[in-house]
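Spelled out from the first residue to the last, the chains are:
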Amino acid sequence: MDVRRGVAAGLVGLALVAGTAGCGKIGEKVAEEAIERNSDCEDIDIDADEGAVSGSCSGDGFDASVSGDAELPAEWPADLAVPEGLAIVTSTSTDTPVLSLNVVGSVDGEVPAVYETIKTQLTAAGFTIDTDSLAEGPTGPSGTLAATGPELTAAVVVADNVSGIGGPVSVTYSLTALG
């Protein structure tokens, strides 16, 4: 992440906090305009009631929701399913220097079952599993999958969710276009 994106992320976080400080829609609008004016971000939309923020910085989209209501990036492959009930906390889409899609969320279930579901979903979407590692660690089970598809590589981490948002299993996807 370059400095401008870091500053933008900080402004977005600050705006979300400011928007929840009792200023309502006026506070949200002021915060949105401040972010857009002081960064390379545009189309910022803050919903403090829902704890959500979305927009675009340097052409890279993002969506964040403390309630788990963020959405998959628009460029997400249509044939790649995610676990049913996945509560998406953040999603980002960047295209510099290549397309990169990142999604963080949580889901009900147990780590081994969610891990196997994701592995099946990757395979059904045409990905070949390159790394398949599910192990019991000191804090519980966790798994890492790496896969190569026709147009993207995928790295997925499945572990116990410690964020308190959503279900007990945390899922992190990183998809990158093949160069």
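Attention in this report is confined to the structure presented alongside it. (Residues numbered from 1 in each chain as written. Predicted model: local features only at pLDDT ≥ 70, side-chain atom pairs only at ≥ 80, totals over all residues. Heavy atoms only, no water.)

A look at the overall build of the chain
Right, so step 1: Within the chain, the secondary structure is distributed over 3 helices and 9 strands.
Right, so step 2: Along its sequence from the N terminus, the chain presents helices and strands in the succession α-α-β-β-β-β-β-α-β-β-β-β.
Right, so step 3: The buried share of the chain, taken over its 179 residues, is 40%.
Right, so step 4: In the chain, of all internal contacts separated by at least 6 residues, the share reaching a separation of at least 24 is 44%.
Right, so step 5: Approximately 9200 Å² of the chain is accessible, and the part contributed by carbon and sulfur atoms is 56%. (Helix = DSSP H or I, 4+ residues; strand = E, 2+ residues; numbered from the N terminus. Buried < 20%, exposed > 50% of the residue type's maximum accessible area, 1.4 Å probe, protein only. Contact = heavy atoms within 4.5 Å. Areas by Shrake-Rupley, 256 points an atom, 1.4 Å probe, with all protein chains shown as cover.)

Regarding helix α3 (residues 111–124)
Side chains that are three or four residues apart share a direction in an α-helix, a result of its 3.6 residues per turn.
Right, so step 1: Between the first and last C-alpha of α3 there are 20 Å, a value that for 14 residues agrees with the 20 Å anticipated at 1.5 Å per step.
Right, so step 2: Listing the buried residues of α3 in full gives Val-111, Val-114, Tyr-115, Ile-118, Lys-119, Gln-121 and Leu-122. The buried residues of α3 occupy an angular sector of 165° when projected down its axis, which confines them to one face. Within α3, the exposed residues directed more than 90 degrees away from the buried face are Thr-120 and Ala-124.
Right, so step 3: The elements touched by buried residues of α3 are β5 (100–107), β6 (128–137), β7 (140–148), β8 (152–160) and β9 (169–177).
Right, so step 4: The first or second residue beyond α3 is Gly-126, which carries a positive phi of 90°. (Expected span 1.5 Å × (residues − 1). Arc of directions from axis to C-beta.)

A look at unusual backbone geometry
Right, so step 1: Residues other than glycine seldom take positive phi values, yet Asp-43 does so here, at roughly 55°.
Right, so step 2: Within the fold, Asp-43 resides in strand β1 (residues 41–47).

A look at the environment of Ser-142
Right, so step 1: On the secondary structure map, Ser-142 appears in strand β7.
Right, so step 2: Each C-alpha atom, one on Ser-142 and one on Val-169, is 9.5 Å from the other, the two residues being 27 residues apart in sequence.
Right, so step 3: Look past the residues within four positions of Ser-142 in its chain and what remains in contact with it is Val-111, Ser-133, Leu-134, Ala-135, Val-158 and Ala-159.

Things to note about the packing of aromatic side chains
Right, so step 1: Counted under the stated rule, the structure contains 1 aromatic pair.
Right, so step 2: Taken together, a centroid distance of 5.3 Å and an interplanar angle of 90° make the contact between Trp-76 and Tyr-173 edge-to-face. One end of the pair, Trp-76, is in the loop between β3 (60–65) and β4 (87–94); the other, Tyr-173, is in strand β9, and 97 residues separate them in sequence.
Right, so step 3: A relative accessible area of 9% places Trp-76 in the buried class.
Right, so step 4: Using a relative accessible area of 1% as the deciding quantity, one classes Tyr-173 as buried. (Phe/Tyr/Trp six-rings, centres within 6.5 Å; stacked < 30°, edge-to-face > 60°.)

Regarding the pattern of salt bridges
Right, so step 1: Inspection of every chain in the model, using the stated rule, returns 2 salt bridges.
Right, so step 2: Notably, a salt bridge pairs Glu-116 with Lys-119, separated by 3.5 Å at the nearest N-O pair. Here Lys-119 and Glu-116 lie together in helix α3, a separation of 3 residues that amounts to about one turn.
Right, so step 3: Owing to a relative accessible area of 38%, Glu-116 belongs among the partly exposed residues under this scheme.
Right, so step 4: What makes Lys-119 buried here is its relative accessible area of 18%.
Right, so step 5: Ionic pairing is found between Lys-119 and Asp-132, a salt bridge with its closest N-O pair at 2.8 Å. Highlighted residues: Lys-119 in helix α3 and Asp-132 in strand β6, separated in sequence by 13 residues.
Right, so step 6: Three or more residues joined by partner-sharing salt bridges are found here, namely Glu-116, Lys-119 and Asp-132. (Salt bridge = Lys/Arg side-chain N within 4 Å of Asp/Glu carboxyl O.)

Fair warning: the whole summary comes from geometry, so function is off the table for now.
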